[in-house]
Amino acid sequence: MTDPGSLARDPVALAAALIRCPSVTPADAGAQALLAEVLAALGFACTKLRFGAVDNLYARIGAGRPALCFAGHTDVVPAGGEGWREGPFSGAVRDGVLWGRGAVDMKGNIAAFVAAAAHWLDGQGGSPPAALSLLITGDEEGEAVDGTAKVLAWMEARQEIPGFCLVGEPTSAERLGDTVKIGRRGSLTGRIVVEGRQGHAAYPQKADNPVHRLVALLSALTARVLDHGTEWFEPSSLQVTTIDVGNPAANVIPARASATWNIRFNDRHTEASLSAWLRAEAARFAPRHRLALSCSGEAFLTEPGEPVARLAGAIESVTGIRPRLDTGGGTSDARFITRYCPVAEFGLVGATMHQVDECVPVAELAQLARIYGAVIDAFCR
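Just so it is clear, the structure is predicted and the values come from calculations on it, not from any experiment. (Residues numbered from 1 in each chain as written. Predicted model: local features only at pLDDT ≥ 70, side-chain atom pairs only at ≥ 80, totals over all residues. Heavy atoms only, no water.)

A.B. asks: Explain the overall build of the protein to me, please; I cannot follow it from the model alone.
C.D. replies: For the protein, the helix and strand inventory stands at 10 helices and 19 strands. Based on the C-alpha atoms only, the size of the protein along its principal axes is roughly 85 × 45 × 40 Å. About 15,700 Å² of surface is accessible on the protein, with carbon and sulfur atoms providing 51% of the total. Both charge centroids of the protein, one from 35 positive and one from 41 negative side chains, sit 6 Å from each other. (Helix = DSSP H or I, 4+ residues; strand = E, 2+ residues; numbered from the N terminus. Areas by Shrake-Rupley, 256 points an atom, 1.4 Å probe, with all protein chains shown as cover. Lys, Arg positive; Asp, Glu negative; His and termini not counted. Charge placed at Lys NZ, Arg CZ, Asp CG, Glu CD.)

Quick look at the structure:
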């Protein structure tokens, strides 16, 4: 391996090395060991934390309570279909572009932050005035059970919770620096099985058609306007994602029917309030049913106060762009972090994340490292 200290200061080389670790959830494939070696070369104290089958890494440098923590994940989604211009785990650089799974989501962001920390520490003589830390998980693209949430509990027990946390998700939409996420909608999934009584389609009075009950229920759920949005969030949305009966016979009323839906909800709702409504509606339309509800995260918002302004100012100082504050998209590990400290998300342009030919221009990685350096300076000087 290239000298760890040199690798730490080159975001392109480090990102490429991380991409070459095929860390498809839940595998780590050496990604965190590589990262720990690089961070240790900078003077970070690294703690490997394994929960269940998941590898996690906590790294810290400096005394006192951490002022800033960078949160990220080394796990990636599978490579997907054929047609990659370069191998999905090659970490190849061609025509000024770094190719590979994780280039933008989010090994490139991690590498840019490490490089930013390295250069910032060089300017501090290796002794930062405030503590800086990294929380790196291997379970963000998976079930997210044994990753960030458990590391945060470990951190809290050791008084390692930072004053502010920056999650390195690829939030930029069109141009690096144009978007910061200050919140996310919640996500609640409902799975229902409606029980009926099987019978002949010609004699409906002798049967109880569960499909009719299910359709009536879904019609009521989708007809309700949950809200009209809030200052920072778009309107909540319930989407039916599947309806299943498995009945091949046109003249048979089936014994049961099932469906699944997902609600992306804003801060006007909670898991508890939505669950109460769903359970009441299910009971009204389908007296005999089995309903399972699971919430992967509540809606949350980091109020756009002084810490967010400091982050936005650091981004603008490098890019000349005042980032838009946004809460759109899916869930992220910020949903766990918000329970402990203020959190925002910022990183590369996410146009190719999870796609074949995921890639990032090397110039963009270098610029992100400069931005992250300005962020570190804003929070840790």
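A.B. asks: Would you explain the sheet that holds strand S5 (residues 97-99) in this entry?
C.D. replies: Sheets are built from strands that pair by backbone hydrogen bonding, the pairs being arranged parallel or antiparallel. Spatial ordering of the open sheet is given by S4-S5-S19, a layout of three strands whose pairing is antiparallel. Strands with a single pairing partner mark the edges of an open sheet, and in this sheet they are strand S4 (93-94) and strand S19 (359-361). Pairing of S5 with S19 involves three bridges; the strand directions are antiparallel. By the bridge assignment for S19, Trp99 is matched with Cys359. Here helix H2 (residues 11-19) sits on the sheet in contact with S4 and S5, set at roughly 20° to S5. On the sheet, helix H10 (residues 362-380) packs against S4, S5 and S19 and is oriented at approximately 70° with respect to S19. (Pairing = 2+ DSSP bridges. Contact = heavy atoms within 4.5 Å. Axes fitted to C-alpha atoms, helices over the stretch in contact; angles between N-to-C directions.)

A.B. asks: Explanation requested: the pattern of salt bridges in the structure shown.
C.D. replies: One pass over the full model with this rule turns up 17 salt bridges. One salt bridge connects Asp122 with Arg9, and the closest N-O pair in it is separated by 2.8 Å. On the criterion of sequence distance, the pair formed by Asp122 in helix H4 (residues 107-123) and Arg9 in the loop between helix H1 (4-8) and H2 is long-range, its members being 113 residues apart. Given a relative accessible area of 42%, Asp122 falls into the partly exposed group. Linked through salt bridges whose partners overlap, the residues forming this network are Lys181, Arg324 and Asp326. (Salt bridge = Lys/Arg side-chain N within 4 Å of Asp/Glu carboxyl O. Buried < 20%, exposed > 50% of the residue type's maximum accessible area, 1.4 Å probe, protein only.)

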